[in-house]
Amino acid sequence: MPLLEIRNLAVEFQTHRGPFRAVDGVDLTLEPGELLGVVGESGSGKSVTMLAVMGLIAWPGKVTADVMRFDGIDLMSLSDSDRRKIVGKDIAMIFQEPMTSLNPSFSVGYQIMETLAVHEGGSRRERRRRTIELLEQVGIPAAASRLDSFPHQLSGGMCQRVMIAMAIACNPKLLIADEPTTALDVTIQAQILDLLVSLSRERNMAMVLITHDMGVVAETAQRVMVMYASQQVEEQPAERLFEQPRHPYTAALLEALPERALEKRLNTIPGVVPGIADRPSGCVFNPRCNFAQERCRIEQPLLEPKLGARVRCHFPIRGDVS
Amino acid sequence: MLRFVLTRVGLVIPTFLGIILLTFILIRLVPGDPVQVRVGERGITEERRLALLHEMGLDRPLHVQFFDYVGGVLQGDLGISIITKKPVMVEFLTLFPATLELAFFAILFAASIGLPLGVIAAVRRGSAFDHTVMGLSLTGYSMPIFWWGLLLILLFSVDLGWTPVAKRLSDDYFVDQVTGFMLIDTLLSDDPMNEGSFLDALHHLILPTVVLGTVPLAVIARMTRSAMLEVLGEDYIRTARAKGLGSIRVVAVHALRNALVPVVTVIGLQVGTLMGGAILTETVFSWPGIGKWLVESIGRRDYPALQGGVLVIAALVMTVNLAVDLLYGLLNPRIRHRR
Ligand SMILES: Nc1ncnc2c1ncn2[C@@H]1O[C@H](COP(=O)(O)OP(=O)(O)OP(=O)(O)O)[C@@H](O)[C@H]1O
Ligand SMILES: [Mg+2]
């Protein structure tokens, strides 16, 4: 049984210009222990997709899906209080800005112990002991003395470690990491990433790693999902995706990687991601696509298995392009 | 922190000098002097009037009177009331508990209603409830206290007969002033004649509390709402939800704890406004506190009483404001832990 199964997920927000689909047609299957990378430009809907899984899309945002099942439980029909028994316990999430993601008014120890108290109960002493243990596991030196620290007394990297400790406190089956290193120093980024990957391996904990960075995906992910303008445009096992991208957008993303640039000049994709108001008809990528044809401007492609990948394109790339 | 306190205290001295000068001049700009006001229409010989003024030391040149007064203040002596012949400080301390009791309940009333209203309005932002609360609070904020007090008296005391019209206690009771706080004194009194006086005192507190608490209530509700709105959009609120906490816990613990910092500041800064409001409220309800005393002192041209009363109140307001700033530091860990 897959750990997470999503069919045709859509999230719609009300804006003053009318309804806007921030996520449109995401299909996703995640096996236990699997590490999925989610990439795409800013605003493509990566965060919103995962917030929908967490049940964190606030009214008046609207989440719809044909199927959204976690560990056999139907998330769509779950009551709020039942969902809260899973969220924070079996599915946990960490965010991009560790400094502001922790409550400035409470000590880090309190914030971790609170998670334990809500989901596992147990005695105060026991929770304290567990918290110290967790802080040690995420590599915080002198863990016991850090319990009473406030977030502003810690560095960004330390705060993210605290967030990770909080997220793994109840041994989740799935950890969603939303650009966990973007706000950190380059040297710290690698450490945090290593920590996440090793935690995922040790605990057989599935992980969704949202990132802009194709390099990070190449190093860590087993499977990759590419998003563009609210849509999932491609999904493949990581190795194959880097070898043979099928969607022209993925191909362009890979060509933009510095180590792949054929000439000295860095390749960038011409044009910009369409905004809320100017989604094109047909394929959302057609205005920027080098291979766009008449059909691409008229007919919206479906996400379908083609050439061994799942790709949303009328004319997926066949040969070797890099 | 020490530096902060010192700077604030340094500002206090010029402020005080300003207040002393201002009250000294303003009260003397009011036409008439204590003697004229007291004799009223009856009239008095010019000779006798001058003799009385001389007795009070009011025939001396103004600057002499002023420096005499300032000299006294510096030694902690606020002078003697012209009318009662008692030291101003003693008068003040006798009457102050009545004002304090009223102000305390007004703030309690305002906070215990304003905080929840503001929180709910923020959580249900844009709802009918939110619009109603904000509309009412705007009305409350601009409510003229005098008019509002009379309106409530007309409705609840005159028409419905639910609440007393004036004073702190019915005339049937004679409660000795021990602490000056009527609710405490009525409880302390073991005279069987005073049975039920506690409830009577409470009964007398209701309308004045509502009248004096209305403006702070409106301010607190608005401030709580805007502070909560800001906090509810913060990343750590999303984290709290992602932890699987119930929405009540998210709002009441994670959000409110952070929103409270600006709200407490505002409550503290209301103390000045509250003193102004107390003067009007006490006058409307014949509440025997500082406010009523000050108004009467103006009427009697009791220069020392007025000067001293205003000065002590100013000192209190400034002390509270300073305390609020310090409390702000205590509530906010980012300031508390700065070295
Ligand atoms: N609560 C909301 N109301 C309205 N629009 C929203 C809301 N949350 C997100 N959006 C919009 O949804 C789109 C997708 O946002 P999302 O945060 O998922 O992008 P992202 O792929 O995570 O980008 P980034 O890489 O910058 O984090 C954006 O255009 C964003 O403006
Ligand atoms: Mg994002």
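## Notes on helix α11 (residues 248-255) of chain A
Structural remark: α-helix, 3.6 residues per turn; residues separated by three or four positions point the same way.
Residues and elements named next belong to chain A.
Link 1 in the chain: With 7 of 8 residues buried, α11 is to be regarded as a mostly interior element.
Link 2 in the chain: Listed in full, the buried residues belonging to α11 are Pro248, Tyr249, Thr250, Ala251, Ala252, Leu253 and Leu254.
Link 3 in the chain: Where α11 is buried, its residues contact β3 (35-39), α9 (214-220), β10 (223-228), β11 (231-237) and α10 (238-243).

## A look at the pairing of strand β2 (residues 18-30) of chain A
Moving residue by residue along a regular strand, the side chains alternate between the two faces of the sheet.
Link 1 in the chain: One ladder, built from 10 bridges, connects strand β1 (residues 4-15) of chain A with β2(A); its direction is antiparallel. Across the sheet, Glu12(A) pairs through a bridge with Arg21(A), a residue of β2(A).

## Focus on the site of ligand 1
Residue and element names in this part refer to chain A.
Link 1 in the chain: Near ligand 1 you find 13 residues, and of these Ser42, Gly43, Lys46, Ser47 and Glu179 are the closest.
Link 2 in the chain: Between an oxygen atom of ligand 1 and a main-chain N or O atom of Ser44, the distance comes to 3.2 Å.
Link 3 in the chain: Protein coverage of the free-state accessible area of ligand 1, which is 640 Å², stands at 65%.
Link 4 in the chain: Counting residues per element, the ones that place at least two in the shell around ligand 1 are β2 and α1 (46-54).

## Focus on the interface of chain A and chain B
Link 1 in the chain: On the chain B side, the residues contacting the 26 residues of chain A number 20 residues.
Link 2 in the chain: Taking both sides of the interface into account, the surface hidden between chain A and chain B amounts to around 2,100 Å²; carbon and sulfur atoms contribute 57%.
Link 3 in the chain: At the surface where chain A touches chain B, the tally comes to 2 salt bridges.
Link 4 in the chain: Residue Glu114(A) is joined to Arg249(B) by a salt bridge in which the shortest nitrogen-to-oxygen separation is 2.6 Å.
Link 5 in the chain: Scanning the region where chain A abuts chain B turns up 13 residue pairs in polar contact (both at pLDDT 80 or more).
Link 6 in the chain: Sorting the residues of the side of chain A that touches chain B by element identifies α1, α3 (98-101), α4 (108-119) and α7 (156-167) of chain A as the ones contributing at least two each.
Link 7 in the chain: Of all the elements, α4(A) adds the most residues to the side of chain A that touches chain B, at 6 residues.
Link 8 in the chain: When its residues are assigned to classes, the side of chain A that touches chain B shows 13 nonpolar, 10 polar and 3 charged.

## Structural notes on a nonpolar patch on the surface
Residue and element names in this part refer to chain B.
Link 1 in the chain: Side chains of Leu21, Leu22, Ile25, Leu26 and Leu29 sit close together on the surface and give an oily, nonpolar patch of about 490 Å² of accessible area.
Link 2 in the chain: Considering the arrangement of structural elements, one finds Leu22 in helix α1 (residues 2-29).
Link 3 in the chain: When its relative accessible area of 55% is taken as the criterion, Leu22 is described as exposed.

## Some details on the sheet that holds strand β7 (residues 91-94) of chain A
All names here are of chain A.
Link 1 in the chain: One open sheet accounts for 8 strands, arranged β7-β8-β9-β3-β10-β11-β13-β12; its pairing is mixed. With partners counted over all chains shown, the strands left at the sheet margins are β7 and β12 (304-306), one partner each. Taken over all neighbouring pairs, the strand axes of this sheet differ in orientation by 20 degrees on average, direction set aside.
Link 2 in the chain: In terms of strand pairing, strand β8 (residues 174-178) meets strand β9 (residues 206-211) through 5 bridges, oriented parallel.

## What about the pairing of β11(A)?
All names here are of chain A.
Link 1 in the chain: Across the 7 residues that make up β11, a large majority, 6, are buried.
Link 2 in the chain: Sheet topology places β10 next to β11; 6 bridges connect them, and they run antiparallel. Looking at β11, one finds that Met227 is bridged to Gln232.
Link 3 in the chain: Counted along the chain from β10 to the antiparallel partner β11, the turn is 2 residues long, and its residue Ala229 has a positive phi close to 45 degrees.
Link 4 in the chain: Judged from the 2 bridges that link them, β11 and strand β13 (residues 309-311) form a sheet pairing that is antiparallel. Across the sheet, residue Glu234 finds its bridge partner in β13, namely Val311.

## Section: helix α10 (residues 235-242) of chain B
Link 1 in the chain: Here α10(B) has its buried residues at Tyr236(B), Ile237(B), Thr239(B), Ala240(B) and Ala242(B).
Link 2 in the chain: Just downstream of α10(B), Gly244(B) is the residue with a positive phi angle, here 85 degrees.

## Regarding the pattern of salt bridges
Residues and elements named next belong to chain A.
Link 1 in the chain: Applying the stated criterion across every chain yields a total of 28 salt bridges over all chains.
Link 2 in the chain: In this structure, the salt-bridge partner of Glu34 is Arg223, at a minimum N-O distance of 2.5 Å. A residue pair is termed long-range when its members are at least 10 positions apart, and Glu34 in the loop between β2 and β3 and Arg223 in strand β10 qualify at 189 residues. Per residue, the accessibility class of Glu34 equals that of Arg223, and both read buried.
Link 3 in the chain: Each member of the salt-bridge network shares a partner with another, and the members are Glu34, Arg223, Glu235 and Arg310.

## Here we look at the state of the cysteines
All names here are of chain A.
Link 1 in the chain: Under the counting rule described, the total for this entry stands at 0 disulfides over all chains.
Link 2 in the chain: Looking at the unpaired Cys283, the closest cysteine sulfur is the one in Cys296, lying at 6.1 Å.
Link 3 in the chain: No disulfide involves Cys289; its nearest neighbouring cysteine sulfur is the one of Cys313, lying 6.3 Å away.

## Points about the layout of surface pockets
Over the atoms rolls a probe the size of a water molecule, and in doing so it shows where empty space is left.
Link 1 in the chain: By volume, the largest pocket amounts to about 1,500 Å³.
Link 2 in the chain: Among the elements of the structure, α1 and α2 (80-86) of chain A together with α5 (88-123), α9 (197-232), α10 and α11 (247-284) of chain B are those that each provide at least two residues to the lining of the largest pocket.
Link 3 in the chain: By residue number, the principal contributor to the lining of the largest pocket is α11(B), which donates 5 residues.
Link 4 in the chain: The class makeup of the residues in the lining of the largest pocket is 25 nonpolar, 6 polar and 8 charged.

## Notes on the nonpolar core
Link 1 in the chain: Met50(A), Val53(A), Ile164(A), Leu174(A), Ile176(A) and Val208(A) are the most contacted members of the largest nonpolar core, which has 101 residues in total.
Link 2 in the chain: Apart from the residues within four sequence positions on either side, Ile164(A) is in contact with Ile94(A), Val138(A), Ile192(A), Leu195(A), Leu196(A) and Leu199(A).
Link 3 in the chain: Residues Ile107(B), Leu183(B), Leu205(B) and Ile237(B) belong to the second largest nonpolar core, which totals 37 residues.

## Overview of the side chain of His247(A)
Residues and elements named next belong to chain A.
Link 1 in the chain: Mapped onto the elements, His247 comes out in the loop between α10 and α11.
Link 2 in the chain: For His247, a relative accessible area of 1% corresponds to the buried category.
Link 3 in the chain: Looking at His247, its side chain comes within polar contact range of the main-chain nitrogen of Tyr249, at 2.9 Å.
Link 4 in the chain: Of the polar contacts made by the side chain of His247, one reaches the backbone oxygen of Arg312; its length is 3.1 Å.

## Here we look at the packing of α4(A) against helix α5 (residues 124-137) of chain A
Residue and element names in this part refer to chain A.
Link 1 in the chain: In contact at an axis separation of 9 Å, α4 and α5 are set at 115 degrees when each is read in the N-to-C sense. Considering only the axes of α4 and α5, their crossing is right-handed. Listed contacts from α5 to Gly109, Ile112, Met113, Leu116 and Ala117 of α4 are Arg127, Arg128, Arg130, Thr131, Leu134 and Leu135.
Link 2 in the chain: Classifying every residue of the contact of α4 with α5 gives 6 nonpolar, 2 polar and 3 charged.

## Notes on unusual backbone geometry
Link 1 in the chain: In the segment running from Trp59(A) into Pro60(A), the intervening peptide bond is cis, with an omega of 10 degrees.
Link 2 in the chain: Of note, Pro60(A) is situated in the loop between α1 and β4 (62-64).

## Here we look at the packing of helix α7 (residues 145-159) of chain B against α11(B)
Residues and elements named next belong to chain B.
Link 1 in the chain: With their axes 9 Å apart at the nearest point, α7 and α11 run at an angle of 35 degrees to one another. Where α7 crosses over α11, the handedness of that crossing is right-handed. Residues Ile145, Phe146, Gly149, Leu150 and Ile153 of α7 touch α11, and the partners they reach there are Gly277, Leu280, Thr281, Thr283 and Val284.
Link 2 in the chain: For the contact of α7 with α11, the per-class residue count stands at 6 nonpolar, 4 polar and no charged.

Cut-off values and rules
- Residues numbered from 1 in each chain as written.
- Chains lettered and ligands numbered in written order.
- Predicted model: local features only at pLDDT ≥ 70, side-chain atom pairs only at ≥ 80, totals over all residues.
- Heavy atoms only, no water.
- Buried < 20%, exposed > 50% of the residue type's maximum accessible area, 1.4 Å probe, protein only.
- Helix = DSSP H or I, 4+ residues; strand = E, 2+ residues; numbered from the N terminus.
- Contact = heavy atoms within 4.5 Å.
- Pairing = 2+ DSSP bridges.
- Near = heavy atom within 4 Å.
- Polar contact = N/O pair within 3.5 Å; in protein donor to acceptor, adjacent residues only side chain to side chain.
- Areas by Shrake-Rupley, 256 points an atom, 1.4 Å probe, with all protein chains shown as cover.
- Buried area = accessible area lost by both parts, 1.4 Å probe.
- Salt bridge = Lys/Arg side-chain N within 4 Å of Asp/Glu carboxyl O.
- Nonpolar A, V, L, I, M, F, W, Y, C, P; charged D, E, K, R; others polar.
- Patch = residues over 30% accessible without salt bridge, like charges linked within 9 Å, V, L, I, M, F, W, Y side chains within 5 Å.
- Axes fitted to C-alpha atoms, helices over the stretch in contact; angles between N-to-C directions.
- Disulfide = S-S within 2.5 Å.
- 1 Å grid on protein atoms, 1.4 Å probe; cavity = no way out; pocket = protein on both sides within 12 Å on 5 of 7 lines; lining within 4 Å.
- Points joined across faces, edges and corners; volume = space filled by probe spheres on them.
- Core = buried A, V, L, I, M, F, W, Y, C linked by side-chain atoms within 4.5 Å.
- Left-handed = near helix turned anticlockwise from the far one by under 90°.

Don't take any of this as a statement about function, it's just geometry.
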